[in-house]
Amino acid sequence: KINHHHSSILPEGIVAAEPITETEVRGLFNLWNDALATKDPEQVAKRYSKAGVLLPTVSDVPRTDYPGIVDYFTNSLKLEPQ
């Protein structure tokens, strides 16, 4: 039985994610950008979470799995992004 409910209260045992710092964001971007520089679609795709979703800029097809992300970068890296 629920005695009290408030949408902003997390159930016990669930830990909210801590926000990341600007330095951490820059570090992650640099890792992604370095992967782009390899021109290897596999290296770029590895920068995404296993459950990652890519909403691409050079295509109108969302990529919702690793093979789809590799496929996207196989084609888009041919355009030599910087």
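So, here's what we can say about the structure. Computed from a predicted structure; not experimentally measured.

1. As for the overall build of the chain
Check the secondary structure of the chain and you find three helices and zero strands. Starting at the N terminus and ending at the C terminus, the chain contains elements arranged as α-α-α. Contacts in the chain between residues at least 24 apart in sequence constitute 32% of all its contacts with a sequence separation of at least 6.

2. Thoughts on the pattern of salt bridges
Per the counting criterion, the structure on display carries two salt bridges. A salt bridge links Arg 26 to Glu 22; the shortest N-O distance between them is 2.6 Å. In this pair, Arg 26 and Glu 22 both sit in helix α1 (residues 22-37), four residues apart, roughly one turn of the helix. Both residues of the pair, Arg 26 and Glu 22, belong to the exposed class. In this structure, Arg 63 and Asp 71 form a salt bridge, with 2.9 Å as the shortest nitrogen-oxygen distance. Asp 71 gets classed as partly exposed once you look at its relative accessible area, which sits at 39%.

3. Details of the environment of Gly 68
In this fold, Gly 68 is placed in helix α3 (residues 66-76). Measuring from C-alpha to C-alpha, the distance between Gly 68 and Leu 54 comes to 8.8 Å, with 14 residues separating the pair along the chain.

4. Notes on the layout of surface pockets
Of the volumes computed, that of the largest pocket is approximately 170 Å³. The wall of the largest pocket is formed by 14 residues, among which Trp 32, Thr 57, Tyr 72, Phe 73 and Ser 76 lie closest to the centre. For the lining of the largest pocket, the elements supplying multiple residues, two or more each, are α1 and α3. Looking at the lining of the largest pocket, the element that brings in the most residues is α3, giving three residues. Here the residues of the lining of the largest pocket sort into 12 nonpolar, two polar and no charged.

Conventions and cut-offs
- Residues numbered from 1 in each chain as written.
- Predicted model: local features only at pLDDT ≥ 70, side-chain atom pairs only at ≥ 80, totals over all residues.
- Heavy atoms only, no water.
- Helix = DSSP H or I, 4+ residues; strand = E, 2+ residues; numbered from the N terminus.
- Contact = heavy atoms within 4.5 Å.
- Salt bridge = Lys/Arg side-chain N within 4 Å of Asp/Glu carboxyl O.
- Buried < 20%, exposed > 50% of the residue type's maximum accessible area, 1.4 Å probe, protein only.
- 1 Å grid on protein atoms, 1.4 Å probe; cavity = no way out; pocket = protein on both sides within 12 Å on 5 of 7 lines; lining within 4 Å.
- Points joined across faces, edges and corners; volume = space filled by probe spheres on them.
- Nonpolar A, V, L, I, M, F, W, Y, C, P; charged D, E, K, R; others polar.

Functional significance is not addressed by these values, which are geometric in nature.
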